[in-house]
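Now for the letters of each chain:
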Amino acid sequence: MKHITILAIETSCDDTSASIISDGIIQSNIISSQLNHTKLGGVVPEIASREHQKNIIFIVEKALNEANKRKKDLDAVAFTNGPGLLGSLLVGSSFAKSFSYGLKIPLIAVDHISAHALSHTINQKNPVFPFISLIVSGGHTQVVLVQSYDNIDIIGETRDDAVGEAFDKCAKIIGLDYPGGPLIDKLSIEGDENKFQFPNTKVPDFDFSFSGIKTSFLYFIRDNLKKDNRFIEKNLHHISASIQNKLIDMLIDNLLKVTSKYNIKEISIGGGVAANSLLRKKINFISKENNWNVYIPKISFCTDNAAMIANYANFMFKDSKFSDISVVPYSRL
Ligand code: KG4
Ligand code: ZN
């Protein structure tokens, strides 16, 4: 039987990524992160789309070369159709559409969040359904029930900031570079997570809210700096560990509520914040107490990457879920 080979492109935010999947196995996953946003303190949409435009041909060529494939080997081309920054999405979608048109191969429009939710099934032959997935990144915070690859219900989501955004904003308040999430994670290793306490945020149903904790954190730092202008440098590790602990507990508490309501013990996590070491540690610990089977993708499949788009497109290909060239990217759900 002929192996199905798909090229996938991901350009929803500031990472330009291309991946080749062949016979259900990822052959390459090239990611180019746009470092210039670090200096600017966050992703600047206009710059992100221009950088995608510069990177995309080179990244796609690299993905093909690393997979030892040529354009004529491709059976379909997939791309992230949303949600994301519109200018960024347009670069990937226009590129994929031209490829599909020029090579006369099907086009597959993939939803970014669904791809994150299924990212632990990458390179797995028989994924288990149903499962609960916690998708946590700089742009999204959701807990979803996945009955099958194309039957995903949102159980809860953030009403304001995403948890990665909360990490990044708190990091900025204490003078760390963007993205601050990984830096907070690193600094926390030597900190006491119970040294500082932050107030609880009450959110109805299974939703999340992170704007209140961010404001409490801002006031906490401001008030302590008034008393001691070296407060941050003296306590950097403890501050990082304490805010990280609070943000991660907010995720875990909700996940526990959802899993007990739905009585599902198959749990996955995905998105950039799934790279967080405390989240991984706590989920692994709780899974033993609750008899969960936890699926945590390797870090390069947690942060934005085209392998997860290729993986999802592979499911869609089998059901001939192809898109017309007129399909329009969407910036929000
Ligand atoms: O999935 P992703 O690469 O892009 C989006 O779709 O947003 O996630 C990026 C987010 C950023 O907010 C970054 O600070 C956060 O994930 N992040 C982390 C860690 N690694 C990445 N947050 C906490 N701890 C980490 N180790
Ligand atoms: Zn993402």
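The sections below set out a description of the structure shown in this document. (Residues numbered from 1 in each chain as written. Chains lettered and ligands numbered in written order. Predicted model: local features only at pLDDT ≥ 70, side-chain atom pairs only at ≥ 80, totals over all residues. Heavy atoms only, no water.)

## Overview of the overall build of the protein
(1) Moving on: When its secondary structure is counted, the protein shows eleven helices and ten strands.
(2) Moving on: Its C-alpha atoms give the protein a radius of gyration of 20 Å, within 12% of the compact-globule value 20 Å for 333 residues.
(3) Moving on: Projected onto its principal axes, the C-alpha positions of the protein cover 65 × 45 × 30 Å.
(4) Moving on: The buried share of the protein, reckoned over its 333 residues, is 54%.
(5) Moving on: By sequence separation, contacts in the protein at least 24 residues apart represent 73% of the contacts at least 6 residues apart. (Helix = DSSP H or I, 4+ residues; strand = E, 2+ residues; numbered from the N terminus. Rg over C-alpha atoms; globule rule 2.2 N^0.38 Å. Buried < 20%, exposed > 50% of the residue type's maximum accessible area, 1.4 Å probe, protein only. Contact = heavy atoms within 4.5 Å.)

## Let's talk about helix α11 (residues 306–318)
(1) Moving on: With 13 residues, α11 ought to run about 18 Å at 1.5 Å a step, and its terminal C-alpha atoms sit 19 Å apart, in line with that.
(2) Moving on: Most of α11 sits out of view: twelve of its 13 residues are buried.
(3) Moving on: Measuring from the side-chain oxygen of the N-cap residue of α11 to the backbone nitrogen of A307 gives 3.1 Å; that N-cap residue is N305.
(4) Moving on: Where α11 ends, the next residue or the one after it, S320, has phi of about 50 degrees, a positive value. (Expected span 1.5 Å × (residues − 1). Polar contact = N/O pair within 3.5 Å; in protein donor to acceptor, adjacent residues only side chain to side chain.)

## Brief notes about the site of ligand 1
(1) Moving on: Around ligand 1 sit 19 residues, and of these G138, D168, D185, G272 and D304 come closest.
(2) Moving on: G164 places a main-chain nitrogen or oxygen 3.2 Å from an oxygen atom of ligand 1.
(3) Moving on: Here an oxygen atom of ligand 1 and a side-chain polar atom of D168 are 2.6 Å apart.
(4) Moving on: Taken by itself ligand 1 offers 550 Å² of open surface, and the protein chains cover 90% of this. (Near = heavy atom within 4 Å. Areas by Shrake-Rupley, 256 points an atom, 1.4 Å probe, with all protein chains shown as cover.)

## Examining the pattern of salt bridges
Pairs can form between side chains of opposite charge once their charged atoms are near each other.
(1) Moving on: Counted according to the given criterion, the structure contains 13 salt bridges.
(2) Moving on: For D207, the salt bridge goes to R159, with nearest N and O atoms at 2.9 Å. Of this pair, D207 sits in the loop between α6 (181–188) and α7 (211–227) while R159 sits in the loop between β8 (151–157) and α5 (163–173), placing them 48 residues apart in sequence.
(3) Moving on: With a relative accessible area of 48%, R159 lands in the partly exposed category.
(4) Moving on: A salt bridge links E233 to R230; the shortest N-O distance between them is 3.4 Å.
(5) Moving on: Since its relative accessible area comes to 56%, E233 is described here as exposed.
(6) Moving on: Ionic contacts of the salt-bridge type, sharing partners, join the residues D161, E165, K169 and K214 into one network. (Salt bridge = Lys/Arg side-chain N within 4 Å of Asp/Glu carboxyl O.)

## Concerning the environment of N55
(1) Moving on: Residue placement: N55 occurs in helix α2 (residues 45–66).
(2) Moving on: Once the C-alpha coordinates of N55 and T16 are considered, the two residues, 39 residues apart in sequence, prove to be 6.8 Å apart.
(3) Moving on: For N55, the side chain forms a polar contact with the side chain of T16, separated by 3.2 Å.
(4) Moving on: Of note is the side chain of N55, whose polar atom sits 3.4 Å from the side chain of S32.

## Quick look at the sheet that holds strand β3 (residues 25–33)
(1) Moving on: The strand order across the open sheet built from five strands is β3-β2-β1-β4-β5, with neighbouring strands paired in mixed fashion. Sheet topology places β3 and β5 (107–111) at the edges, where each strand pairs with a single neighbour. Averaged over neighbouring strand pairs, the angle between their axes works out to 20 degrees when direction is ignored.
(2) Moving on: Taken together, the five bridges between strand β4 (residues 76–82) and β5 define a ladder with parallel strand orientation. From the neighbouring strand, V77 faces β5, where its bridge partner is L107.
(3) Moving on: Together, β1 (5–10), β2 (15–22) and β3 form the strand contacts of α2, whose direction differs from that of β2 by roughly 25 degrees.
(4) Moving on: Here α11 sits on the sheet in contact with β1, β2, β3, β4 and β5, set at roughly 135 degrees to β1. (Pairing = 2+ DSSP bridges. Axes fitted to C-alpha atoms, helices over the stretch in contact; angles between N-to-C directions.)

## Some remarks on the packing of aromatic side chains
(1) Moving on: Evaluation of the coordinates by the stated rule reveals 13 aromatic pairs.
(2) Moving on: When the ring of F208 is compared with that of F210, the centres are 6.1 Å apart and the planes differ by 15 degrees; the resulting orientation is stacked.
(3) Moving on: A relative accessible area of 3% places F208 in the buried class.
(4) Moving on: Here the aromatic cluster, defined as three or more aromatic residues joined through ring pairs, consists of F196, F198, F217, F220 and F231.
(5) Moving on: Here the guanidinium or amino end of K298 rests over the ring plane of F301, the centre of that ring lying 4.8 Å away.
(6) Moving on: A cation sits over an aromatic face here: K318 above F315, 5.9 Å from the ring centre. (Phe/Tyr/Trp six-rings, centres within 6.5 Å; stacked < 30°, edge-to-face > 60°. Lys NZ or Arg CZ within 6 Å of the ring centre and 35° of its normal.)

The values reported here are purely geometric and, on their own, carry no functional implication.
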